[in-house]
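Report on the structure
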Amino acid sequence: MELILIRHGPTEWNALERFQGRSDIPLSPAGLVDAHAIAAALRNERIDRIYSSDLVRALDTARIIGDASGTEIIADPRLREFDFGRWEGLTWHEIVAAYPELTGNRPTGARLYEPAGGETFAQVRRRVRSFLDDLQRQDPGARIVVVTHAGPLHAFLAELELTRTGGDFDRFAPAGITRIAIDGRRARLIALNDMEHLSSAC
């Protein structure tokens, strides 16, 4: 199986560095441009299925890719971003001001997130593990696009035991493409957060 993992295109809240979580923020005009750039990059590749988070910023990114490739979109709530609870809509500076015990943590350190009233990274990992298990049972030889969010992308790497391969990498940029080959229980990272396709979208 090959997974083509895509973070949705950017939104206005991404530009403001606000934690979106379950807030259903649409793609910005720049996000739509980037989604079309992803679609163009994948147009000539075989895609068996496209799965997407059911949040609009991911689903609209997936629909643009699906329209270009002629592939149906399957929305799956297990691919949603963290529920950030009381962090929703705040910047990291505002979060640290409200919760000083987070001082010294990195704003992109998803593995350490425990937002008040929200989800932990362990809970996100369980959702992603369930999704992966279903994929591997259904069609272990498929080539699958998954459009999701930064939190689940960290969870994919963790569940596939690719954290050492990624080193200290801790940020998935909007519209980045990560490719992973899976053979049974072994996974191999092919590309991490590839942004080359966006150079033609500028």
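Residues numbered from 1 in each chain as written. Predicted model: local features only at pLDDT ≥ 70, side-chain atom pairs only at ≥ 80, totals over all residues. Heavy atoms only, no water.

As a further point, take the overall build of the protein. What the protein contains, in helices and strands, is 7 helices and 6 strands. Going from N to C terminus, the protein has its helices and strands arranged as β-α-α-β-α-β-α-α-β-α-α-β-β. For the C-alpha atoms alone, the extent of the protein along its principal axes is close to 50 × 40 × 25 Å. Looking at the 202 residues of the protein, the share that counts as buried comes to 52%. (Helix = DSSP H or I, 4+ residues; strand = E, 2+ residues; numbered from the N terminus. Buried < 20%, exposed > 50% of the residue type's maximum accessible area, 1.4 Å probe, protein only.)

So, about the sheet that holds strand β6 (residues 186–194). With mixed pairing, the 6 strands of this open sheet are ordered in space as β3-β2-β4-β1-β5-β6. Here the strands that pair on one side only, and so sit at the sheet edges, are β3 (73–75) and β6. Direction aside, the axes of adjacent strands within the sheet are offset by 20° on average. One ladder, built from 6 bridges, connects strand β5 (residues 177–183) with β6; its direction is antiparallel. Note on β6: the bridge partner recorded for Asp183 is Arg186. (Pairing = 2+ DSSP bridges. Axes fitted to C-alpha atoms, helices over the stretch in contact; angles between N-to-C directions.)

We now examine the packing of helix α2 (residues 29–42) against helix α3 (residues 56–69). Interhelical geometry of α2 versus α3 gives an angle of 35° and a closest axis separation of 8 Å. In the crossing of α2 with α3, the sense of the turn from one axis to the other is right-handed. Here α2 contributes Leu32, Ala35, His36, Ile38, Ala39 and Leu42 to the contact with α3, which in turn contributes Thr61, Ile64, Ile65 and Ala68. Taken together, the residues of the contact of α2 with α3 sort by class into 8 nonpolar, 2 polar and no charged. (Left-handed = near helix turned anticlockwise from the far one by under 90°. Contact = heavy atoms within 4.5 Å. Nonpolar A, V, L, I, M, F, W, Y, C, P; charged D, E, K, R; others polar.)

What follows covers the packing of aromatic side chains. Scanning the entire structure with this criterion turns up 13 aromatic pairs. Seen from their ring centres, Phe19 and Phe84 are 5.0 Å apart, and the 75° between their planes marks the pair as edge-to-face. Of the two residues, Phe19 is situated in the loop between α1 (12–16) and α2 and Phe84 in the loop between β3 and α4 (92–98); the sequence distance between them amounts to 65 residues. Given the relative accessible area of 9%, Phe19 is considered buried. Pairwise contacts between aromatic rings join Phe19, Phe82, Phe84, Trp87, Trp92, Tyr113 and Phe121 into one cluster. (Phe/Tyr/Trp six-rings, centres within 6.5 Å; stacked < 30°, edge-to-face > 60°.)

What follows deals with unusual backbone geometry. In the Ramachandran plot, Glu161 falls in the positive-phi region, its phi being about 55° despite a non-glycine side chain. Checked against the element boundaries, Glu161 lands in the loop between α6 (150–159) and α7 (163–166). One non-glycine residue, Ala175, lies in positive phi territory at about 70°. Summarising the element assignment, Ala175 is placed in the loop between α7 and β5.

Attention now moves to the packing of helix α5 (residues 121–138) against α6. Two elements in contact, α5 and α6, have axes whose closest approach is 9 Å; the angle formed by their N-to-C orientations is 70°. Taken together, the axes of α5 and α6 are roughly perpendicular relative to one another. The interaxial crossing formed by α5 with α6 has right-handed handedness. Where α5 abuts α6, its residues Phe121, Val124, Arg125, Val128, Arg129, Phe131 and Leu132 lie against Gly151, Pro152, His154, Ala155, Phe156, Ala158 and Glu159. Its residues assigned to classes, the contact of α5 with α6 shows 9 nonpolar, 2 polar and 3 charged. (Parallel < 35°, antiparallel > 145°, perpendicular 65-115°, else oblique.)

Everything listed is a geometric property; what it means functionally is a separate question.
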